[in-house]
Amino acid sequence: MNLSRRSLLSAFALLPTAWLRGQQTAPPQGATPPPTASTQAPTYTAEVKVVNILATVRDKKGLIVKDLNKEDFMLDEEGRPQEIRYFAREADLPLTLGLLVDTSGSQRNVLSDERNAAQRFLDQVLRQDRDLAFVIHFDKEVELLEDLTPSREKLQKALDALTVNEPQLQRQRGGYPPDDNGGSGGSRRGGGTHLYDAVLLASDELMRKQKGRKALVLLTDGVDRGSKTTLSESIAAAQRADSLVYSILFTDSNAYGNNGYYPGMGRRRGGMGYPGGGYPGGGYPGGGYPGGGYPGGGREDRGSGKKVLEQMARETGGRFIEVSHHLPIDKVFAEIQDDLRSQYSIGYTSDQPGGTAAYRHIHLTTRKKDLVVQARDGYYAS
């Protein structure tokens, strides 16, 4: 059963305690059957959990190293050496790619550049016979614009549909921050950028069912307003789905004002809106971001957004990249493309399987001390 836009939103309305489990996404028409046993990604059984790690290796100059073998890697879990049982290079495995685009008001001056660069990126990265991709946009709602598909044409249509709603911009001009009804009343309830919800949704409803390599590419300023999901919950969802997060920080300095308040705008297109306009109780419990991040629950700025994106990338084994004059969006996508084409897929079974669902720390290195490994630093045991 394919998840339509509306069915996906219906599932998402139950966040974070319940999901539409058991629904299987049917292979898109024309998709290639699963890879053969020699290249297929490790799978789970009732007794044994195979831990999958995607790694990119660089030398001291930052250049990607592509010619390593299984014997070149060393792996430990909670300090205990582990045996690497599965090893493959990226060309042997299919890729599932999720593009999550921030369409809140803060992105209005950069969205066109994001759209054009994303189209070129998908054209160059996706292999028609093996890979799948989907497109989600998020602001005050989270919407699946295109489900898993190998079709570049369908993905391009989804990217063409990315817009920032004009009424939303009009509300922004009314004052900082607008209230839940679009006025300039200064209410901090509600929100216009459900970043964490979008990551959890993509991970749980789409990525978790896929095999092979999986990566989420975020295009956002990293500022979340109104998500029901916390940052830690969204990261955990990506980790459980074995998905890397590539965080692209693309900011428009003109989108912020009034001492750093972020305009908490959003639009409703007859779709999802949270009861009361935002997080239950009008903000995160205790009046601020979990762990004491955003003081008062309302002051979010570009600096904190950057820290969020860095943490998402670091804890999932992905990468954080900031768009700048020296590194424009096209070059950012080119670097991610190089990463995805140069990965090692490593699998092992823990020497202490089972137990609780606690997070277990892992450490992947190479025997060559001058190389740097980019990989996730742990997994959940269940």
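A. Inspection of the overall build of the protein chain at higher detail. Per the secondary structure count, the protein chain includes eight helices and 14 strands. Taking all 382 residues of the protein chain together, 54% fall into the buried category. Taking all contacts inside the protein chain whose residues are at least 6 apart in sequence as the whole, residues at least 24 apart take part in 79%. Accessible surface, the protein chain as shown: approximately 16,300 Å² in total, 48% of it carbon and sulfur.

B. Region of the structure containing the side chain of glutamate 114. If you trace the backbone, glutamate 114 turns up in helix H2 (residues 111-125). Lacking a salt bridge, the buried glutamate 114 has arginine 115 as its closest oppositely charged neighbour, with an N-O distance of 8.1 Å. Sequence-distant contacts of glutamate 114, defined by excluding residues within four places in its chain, comprise Val101, Asp102, Gln107, Leu219, Phe250 and Phe333.

C. H2, seen in detail. Taking 1.5 Å of rise per residue, 15 residues should cover 21 Å, and H2 covers 21 Å from first to last C-alpha, within 8% of that figure. Those residues of H2 lying buried are Leu111, Glu114, Arg115, Ala117, Ala118, Gln119, Phe121, Leu122 and Val125. Close packing links the buried residues of H2 with strand S5 (95-102), strand S6 (132-138), helix H3 (152-160), strand S8 (213-220) and helix H8 (329-340).

D. Representation of the packing of aromatic side chains. Under the criterion given, the structure shown has six aromatic pairs. Aromatic side chains phenylalanine 73 and tyrosine 344 sit 5.3 Å apart centroid to centroid with 65° between the ring planes, which places their arrangement in the edge-to-face category. With phenylalanine 73 in strand S2 (residues 73-77) and tyrosine 344 in strand S11 (residues 344-349), the pair connects residues that are 271 residues apart, well separated along the chain. One exposure class covers both phenylalanine 73 and tyrosine 344, and it is buried. Among the aromatic residues, those joined into a ring-pair cluster are Phe73, Phe87 and Tyr344. Note that arginine 240 overlies the ring of tyrosine 380, its terminal NZ or CZ placed 4.0 Å from the centroid.

E. Inspection of H8 at higher detail. The end-to-end C-alpha separation of H8 is 17 Å, in line with the 16 Å expected for 12 residues at 1.5 Å each. Those residues of H8 that fall on the buried side of the exposure criterion are Ile329, Val332, Phe333, Ile336, Gln337, Asp339 and Leu340. End-on, the buried residues of H8 take up no more than an arc of 155°, which puts them together on one face.

F. Representation of the pattern of salt bridges in the model. The full count for this structure, using the stated rule, is 12 salt bridges. We note a salt bridge from aspartate 131 to arginine 127, for which the minimum N-O separation is 2.9 Å. A residue is classified by how much of its surface remains accessible, and arginine 127, at 23% relative accessible area, is partly exposed. One salt-bridge network, held together by shared partners, links Arg58, Arg319, Glu335 and Asp339.

G. Layout of the sheet that holds strand S4 (residues 86-89). Pairing is antiparallel across the open sheet formed by four strands, whose spatial order is S4-S11-S1-S13. The two strands at the open ends of the sheet, each matched to only one other strand, are S4 and strand S13 (372-374). Averaged over all neighbouring strand pairs, the angle between strand axes comes to 30°, with direction disregarded. As judged from the three bridges shared by strand S1 (residues 50-58) and S13, these two strands associate in the antiparallel manner.

H. Region of interest: the environment of alanine 118. You can see alanine 118 is positioned in helix H2. Judged by relative accessible area, alanine 118 falls into the buried class, the value being 1%. For the pair alanine 118 and leucine 99, spaced 19 residues apart in the sequence, the C-alpha separation amounts to 8.4 Å. If we ignore the near neighbours within four places in the chain, the residues touching alanine 118 are Leu99, Leu159 and Phe333.

I. Region of the structure containing the confidence of the model for the protein chain. Looking at the protein chain as a whole, its pLDDT mean stands at 76, while 66% of the residues score no less than 70. Across residues 258-300 the pLDDT falls below 50, and counting only partners more than four positions away or on other chains, this stretch makes 122 contacts in the model.

J. Structural detail: the pairing of S6. In terms of burial, S6 is a largely internal element, seven of the seven residues being buried. Residues of S6 alternate between two faces, with Leu132, Phe134, Ile136 and Phe138 on one and Ala133, Val135 and His137 on the opposite face, all of them buried. Sheet topology note: the S5/S6 ladder contains seven bridges and is parallel. Residue pairing across strands places leucine 99 opposite valine 135, the latter belonging to S6. At this point the chain moves from S5, through H2, to the parallel S6, and the crossover so formed is right-handed. Connecting the antiparallel pair S6 and strand S7 (residues 142-149) is a turn made up of three residues.

K. Broad picture of the nonpolar core. Phe121, Leu122, Val217, Ile248, Phe333, Ile336 and Leu340 are the most contacted members of the largest nonpolar core, which totals 36 residues. Put simply, the parts of the chain that give this core at least two residues each are S5, H2, S6, H3, S8, strand S9 (244-249) and H8. The element best represented in this core is H2, accounting for six residues.

L. Structural detail: the sheet that holds strand S14 (residues 378-380). Across the sheet, four strands lie side by side as S3-S2-S12-S14; this open sheet has antiparallel pairing. In the strand order of this sheet, the two ends are held by strand S3 (80-81) and S14, each with one partner. With three bridges connecting them, strand S12 (residues 359-366) and S14 associate as antiparallel partners. Bridge assignment links arginine 360 to a residue of S14, and that residue is tyrosine 379.

Here is what the cut-offs are and how they apply
Residues numbered from 1 in each chain as written. Predicted model: local features only at pLDDT ≥ 70, side-chain atom pairs only at ≥ 80, totals over all residues. Heavy atoms only, no water. Helix = DSSP H or I, 4+ residues; strand = E, 2+ residues; numbered from the N terminus. Buried < 20%, exposed > 50% of the residue type's maximum accessible area, 1.4 Å probe, protein only. Contact = heavy atoms within 4.5 Å. Areas by Shrake-Rupley, 256 points an atom, 1.4 Å probe, with all protein chains shown as cover. Lys, Arg positive; Asp, Glu negative; His and termini not counted. Salt bridge = Lys/Arg side-chain N within 4 Å of Asp/Glu carboxyl O. Expected span 1.5 Å × (residues − 1). Phe/Tyr/Trp six-rings, centres within 6.5 Å; stacked < 30°, edge-to-face > 60°. Lys NZ or Arg CZ within 6 Å of the ring centre and 35° of its normal. Arc of directions from axis to C-beta. Pairing = 2+ DSSP bridges. Axes fitted to C-alpha atoms, helices over the stretch in contact; angles between N-to-C directions. pLDDT = per-residue confidence, 0-100. Right-handed = clockwise from strand over helix to strand, strands pointing away. Core = buried A, V, L, I, M, F, W, Y, C linked by side-chain atoms within 4.5 Å.

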